[in-house]
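So you can see what is in the structure, the chains are spelled out below.
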Amino acid sequence: MEKGQLVFSIRQCGNVGCRFRFPAAAGSEERCPQCGGATAVAATPYAKRDTAIAHPTPGLHLELLLDNIRSLYNVGSIFRTADGAGVKHVHLAGITATPEHPKLTKTALGADSQMGWSYSRNGVDTAVRLQAQGYRLWALEDAPEAMSLYEMGINGEDGRPVLLIVGNENVGVDPAILQRCERILAIPMLGVKDSLNVAVACGIAIYHLCFRVYGDT
Ligand SMILES: [Zn+2]
């Protein structure tokens, strides 16, 4: 635990008809939020690892283009995930908020201060410029021609950086960018909803792309 951090434990209500079990700050005389009965510490948390789980350096140089993401919370969440997966740079465009926005900083929990980022007013211009520099353009989008993220072939990774483009919550990836993409990737959906929250979808894609094994198979 970090210095000054509240230490939490799991408490349980002693009332046999209740048994409500919940996390609470250690040392507090918590009454049961459900029945008002007396509670006691039932478990103390596991110690966290001193170091993150090790993994070989991702075999893919991945950067993101967040084009016209409406929600500050989605942008902050994506920054945090991108930082965790070793994404190299985050390009922001259009209405997407930049890390200078205080609400974004709160959601990103500091990850935004580590991650290199840049902003342009026009996401198509950014995609065109990076493509001209040799970046592969891959979009995350439920387009008719999309392939499943998990069925994507392994060939074609020749060390060129990849720009993964994520678009607006309502409109999706800008068609002018989509038509330039060499791959359009979608996440399989088995439930009643036909799409995921954009930050969740982006997180799944980032982790899959960064930590899958790239080789000469
Ligand atoms: Zn209770």
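Enquirer: In this structure, what is going on with the overall build of the chain? I would like to understand it.
Expert: A count of helical and extended segments in the chain gives six helices and 10 strands. The C-alpha radius of gyration computed for the chain amounts to 22 Å, which surpasses the reference 17 Å derived for 217 residues by more than 25%, pointing to a less compact arrangement than a globule. Each of the three principal axes of the chain carries a C-alpha extent, and together these read 65 × 40 × 40 Å. By residue count, 26% of the 217 residues in the chain fall in the buried class. Summarising the internal contacts of the chain: among those between residues at least 6 apart in sequence, 75% fall at separations of at least 24.

Enquirer: Which parts of the structure should I look at to understand the sheet that holds strand S5 (residues 89-93)?
Expert: Two orientations exist for strands paired in a sheet by backbone hydrogen bonds: parallel and antiparallel. With parallel pairing, the seven strands of this open sheet are ordered in space as S6-S5-S4-S9-S7-S10-S8. Only two strands of the sheet have a single partner each, and these edge strands are strand S6 (117-120) and strand S8 (147-148). As defined by bridge partners, S5 adjoins S6 across four bridges and the pair is classed as parallel. In the strand pairing of S6, Ala 93 is matched with Ser 120. Strand contacts of helix H4 (residues 123-132): strand S4 (62-67), S5, S6, strand S7 (136-140) and strand S9 (162-166), with the helix running at about 160° to S4, the strand carrying the most contacts.

Enquirer: Can you walk me through the sheet that holds strand S3 (residues 39-43) in this structure?
Expert: One open sheet holds the three strands; their spatial order is S2-S1-S3, and the pairing between them is antiparallel. Both outer strands of the open sheet, strand S2 (21-25) and S3, are each paired with one neighbouring strand and no more. When the angles between neighbouring strand axes are averaged without regard to direction, this sheet yields 50°.

Parameters at a glance
Residues numbered from 1 in each chain as written. Predicted model: local features only at pLDDT ≥ 70, side-chain atom pairs only at ≥ 80, totals over all residues. Helix = DSSP H or I, 4+ residues; strand = E, 2+ residues; numbered from the N terminus. Rg over C-alpha atoms; globule rule 2.2 N^0.38 Å. Buried ≥ 20, exposed ≤ 12 C-beta atoms within 10 Å, placed from the backbone. Contact = placed C-beta atoms within 7 Å. Pairing = 2+ DSSP bridges. Axes fitted to C-alpha atoms, helices over the stretch in contact; angles between N-to-C directions.

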